[in-house]
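Take a look at the letters that make up each chain.
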Amino acid sequence: MAKSTLSFVCQNCGAAYNRWQGKCESCGEWNTLAEEDTSGSVPVSIRSKRKGRTFALESLAGKSPDAPRLSSGMTELDRVTGGGFVRGSVLLVGGDPGIGKSTLLTQATSLLARTGHRVVYISGEEAVAQVRLRAERLGLSDAPVQLAAETSVEDIVSTLSEGAVPRLIVIDSIQTMWTDTVESAPGTVTQVRASAQALIRFAKKTGAAIILVGHVTKDGQIAGPRVVEHMVDAVMSFEGEGSQQFRILRAVKNRFGPTDEIGVFEMTGLGLREVTNPSELFLSERDLGTPGTAVFAGIEGTRPVLVELQALVAPTSLGTPRRAVVGWDPSRLSMVLAVLEAHCGVKLSGHDVYLNVAGGLRINEPAADLAAAAALVSSLVNAQLPTDAVYFGEISLSGVVRPVAQTPARLKEAAKLGFQRAVLPESARGETGGDAGLSLNAVNSLTTLVAEIAARGSRRGESNPPAEKNATPARFRRGEG
Ligand code: TYD
Ligand code: MG
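Reference entry: report on the structure contained in this document. (Residues numbered from 1 in each chain as written. Chains lettered and ligands numbered in written order. Predicted model: local features only at pLDDT ≥ 70, side-chain atom pairs only at ≥ 80, totals over all residues. Heavy atoms only, no water.)

Some remarks on the pattern of salt bridges
In plain terms, the rule: By convention in these notes, a salt bridge is any Lys or Arg side-chain nitrogen within 4 Å of a carboxyl oxygen on Asp or Glu. Residue burial is assigned from relative accessible area. The probe radius is 1.4 Å, only protein chains are included, and a residue is buried under 20% of its type maximum, exposed over 50%, and partly exposed in between. For helices the rule is a DSSP run of H or I covering at least 4 residues; for strands it is a run of E covering at least 2, with both sets numbered from the N terminus onward.
Applying the stated criterion across every chain yields a total of 15 salt bridges. In this structure, the salt-bridge partner of Arg 273 is Glu 266, at a minimum N-O distance of 2.6 Å. Judged by relative accessible area, which is 42%, Arg 273 ranks as partly exposed. A salt bridge links Asp 388 to Arg 421, with the shortest nitrogen-to-oxygen separation between them at 3.3 Å. Within this pair, whereas Asp 388 is found in the loop between helix H10 (369–380) and strand E19 (389–391), its partner Arg 421 is found in strand E22 (residues 421–425), the two being separated by 33 residues in sequence. Judged by relative accessible area, which is 21%, Asp 388 ranks as partly exposed. In the salt-bridge network here, residues are joined through shared partners; they are Arg 332, Asp 369, Glu 394 and Arg 402.

Structure representation (structure tokens):
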């Protein structure tokens, strides 16, 4: 008999303790410890008698028999995986419930199955009828996907071991899977880890590619797929605002490809539509000519993406003004505000500041600094920015606008979408390799840009009613501080 070992396992990070405690010392989360049986998967009596088997050692230069990658038929998905599913690899797709993971994978498996590959979809959450209903809605009922509603890993592995090796297996979701070898309840860290281990073993042994679906919940009840992250070859996160139809697939970890690529989709009544030109999507509902909006020419992975930054700067009624930001790094916003205040004399301590990246995109590039600063100042002085201009450049703490990578790609994309001007770092002008037909406004320091926008503000003020004319200079005082 295996001795059962009870321990308290953190459902967030998987750290184990002998005693219950309120806070996990490893990850710092509160109330995430749950009692689990963590005795080994093989009884001790068997373990001690088992003699080691010998295995053949291989050389690094050996050739794999066939094409290592399998294209999914969806360009956006392939872009994120790095060119398709690698044989024998295991990929984890995480995301909030209802974001569209099952929809994405139903579409991908159907496209693959139609090209003649054996593709299996195991649903642990929905009944076969429900999965069929979704496929029907997506117009994919005719695809020869093999479907089952199962949760036992042992049953799944023995079923799939029969017949031809499946080229792709989807397990939706890993939290619903359970294995006989451990005694904890399905959904606990121990079960999720043991089930994932068994499936990964199956993938490596047979060469089938496996996609595990994982729910990310803030709730400690269900083990987040984070414990599985280090076991799998690639982790993709499927993101999006519930209220918006855009969905972004982002590679968080990828042993076989880049991790900075994104795939953009739009959720429609007929499933997910691939968006091959995201700039058009993020700019489609542009608030043309509204003060506080600036278009940022960004790079996501290898692809240029134009996106609109919206700022609202309004006098505050609070002791501590609010700073709220969606889609960008709050600490970068604080930095840009501090530089504006210290070097450009823009006083913002009496104003609430809101910054939003349109379309639900998340920007990680420092190159967005210049566009953010332009949007902020434009909102403060109530002056619209030129509607045909794009902005990019990193702002240093001294207020200097620093060069950023891939200037030509940014300019080309802007020109393609009908923009006429680019506001960019001075030092980037030399390395553009062609200005793509845009008129370039190179700025050396943030002060220059602020002065230009302020000039637009006062010009606009002259033709405005007196109330607003007076308001502008009072709210924006350059040259102080
Ligand atoms: P689903 O793929 O079930 O999400 P997940 O597996 O990540 O939990 O998608 C759920 C949402 O997607 C649901 O709110 C309905 C919406 N949806 C559409 O808008 N159009 C469609 O064609 C489909 C299939 C779903
Ligand atoms: Mg689902």
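Points about the pairing of strand E17 (residues 323–326)
Rule in force here: Here, any two strands with at least 2 DSSP bridges between them count as paired. We call a crossover right-handed when, viewed with the strands running away from us, the connection from the first strand over the helix to the second turns clockwise.
Across four bridges, the pairing between E17 and strand E18 (residues 351–357) is parallel. Paired with Val 325 across the two strands is Leu 355, which belongs to E18. Read as a crossover between parallel neighbours, the route from E17 over helix H9 (residues 330–343) to E18 is left-handed.

As for the packing of H9 against H10
Each pair of packed helices can be summarised by the angle the axes make with each other and by the distance between the axes. Going by this rule: Each axis is a line fitted through C-alpha atoms, and for a helix only the stretch in contact is used; angles between axes span 0 to 180 degrees, taken between their N-to-C directions. When an angle is under 35 degrees it counts as roughly parallel; over 145 it counts as roughly antiparallel; between 65 and 115 it counts as roughly perpendicular; any other value is oblique. For any helix crossing, the convention is left-handed if the near helix is rotated counterclockwise from the far helix by under a right angle, and right-handed if that rotation is clockwise. Any pair of residues with heavy atoms lying within 4.5 Å of one another is described as a contacting pair. Classes in brief: Ala, Val, Leu, Ile, Met, Phe, Trp, Tyr, Cys and Pro nonpolar; Asp, Glu, Lys and Arg charged; the others, Gly included, polar.
Closest axis-to-axis distance for the H9/H10 pair is 10 Å, and the angle between their directions is 60°. Considering their axes alone, H9 and H10 lie oblique with respect to each other. In this structure, H9 crosses over H10, and the sense of that crossing is right-handed. Residues Arg 332, Leu 333, Met 335, Val 336, Leu 337 and Leu 340 of H9 touch H10, and the partners they reach there are Asp 369, Ala 373, Leu 376 and Val 377. When its residues are assigned to classes, the contact of H9 with H10 shows eight nonpolar, no polar and two charged.

Side note on empty space enclosed by the protein
The criterion, for reference: Grid points spaced at 1 Å over the protein atoms alone were grouped into cavities, where a 1.4 Å probe fits but cannot get out, and pockets, open sets with protein on both sides within 12 Å along at least five of seven lines, with lining residues defined by an atom within 4 Å of a point. Grid points are joined across faces, edges and corners, and a volume is the space filled by probe spheres set on the points.
Enumeration over the complete set of coordinates arrives at three cavities of 30 Å³ or more. Empty space within the second largest cavity amounts to approximately 70 Å³. Looking at the lining of the second largest cavity, the elements that each hand over two or more residues are strand E5 (85–86), strand E6 (90–95) and strand E11 (234–239). Of the residues in the lining of the second largest cavity, the class split is seven nonpolar, four polar and two charged.

Here's the deal with the sheet that holds E19
Taken in spatial order, the seven strands make up an open sheet running E17-E18-E16-E15-E19-E22-E23, and their pairing is mixed. The sheet is open, and its two borders are formed by E17 and strand E23 (439–443), each paired with just one other strand. Strand-to-strand, the axes of this sheet are offset by a mean angle of 25°, without reference to chain direction. Examined bridge by bridge, strand E15 (residues 293–300) and E19 share two bridges and lie parallel to one another. When the sheet's bridge partners are listed, Val 295 is paired in E19 with Val 390. Here H9 sits on the sheet in contact with E17 and E18, set at roughly 130° to E17. Most of the contacts of H10 go to strand E16 (residues 303–315), to which it runs at about 30°, and overall it touches E15, E16, E18, E19, E22 and E23.

Structural notes on the site of ligand 1
What counts here: We call a residue near a molecule or strand when any one of its heavy atoms sits within 4 Å of it. Pairing of N or O atoms within 3.5 Å defines a polar contact, subject to two protein rules: one partner must be a possible hydrogen donor and the other a possible acceptor, and residues neighboring in sequence count only if both atoms are side-chain atoms. Only the protein chains shown count as cover for residues, and the accessible areas themselves come from Shrake-Rupley with a 1.4 Å probe.
Neighbouring ligand 1 are 16 residues; Gly 98, Lys 101, Ser 102, Thr 103 and Gly 271 lie closest to it. At a separation of 2.8 Å, a nitrogen atom of ligand 1 approaches a polar backbone atom of Thr 268. Bound to the protein, ligand 1 loses 74% of the 560 Å² it would expose on its own. Elements with a minimum of two residues in the shell around ligand 1: helix H3 (101–114), helix H4 (128–137) and strand E13 (262–268). The biggest single contributor to the shell around ligand 1 is H3, with three residues. Of the residues contributing to the shell around ligand 1, the split by class is five nonpolar, seven polar and four charged.

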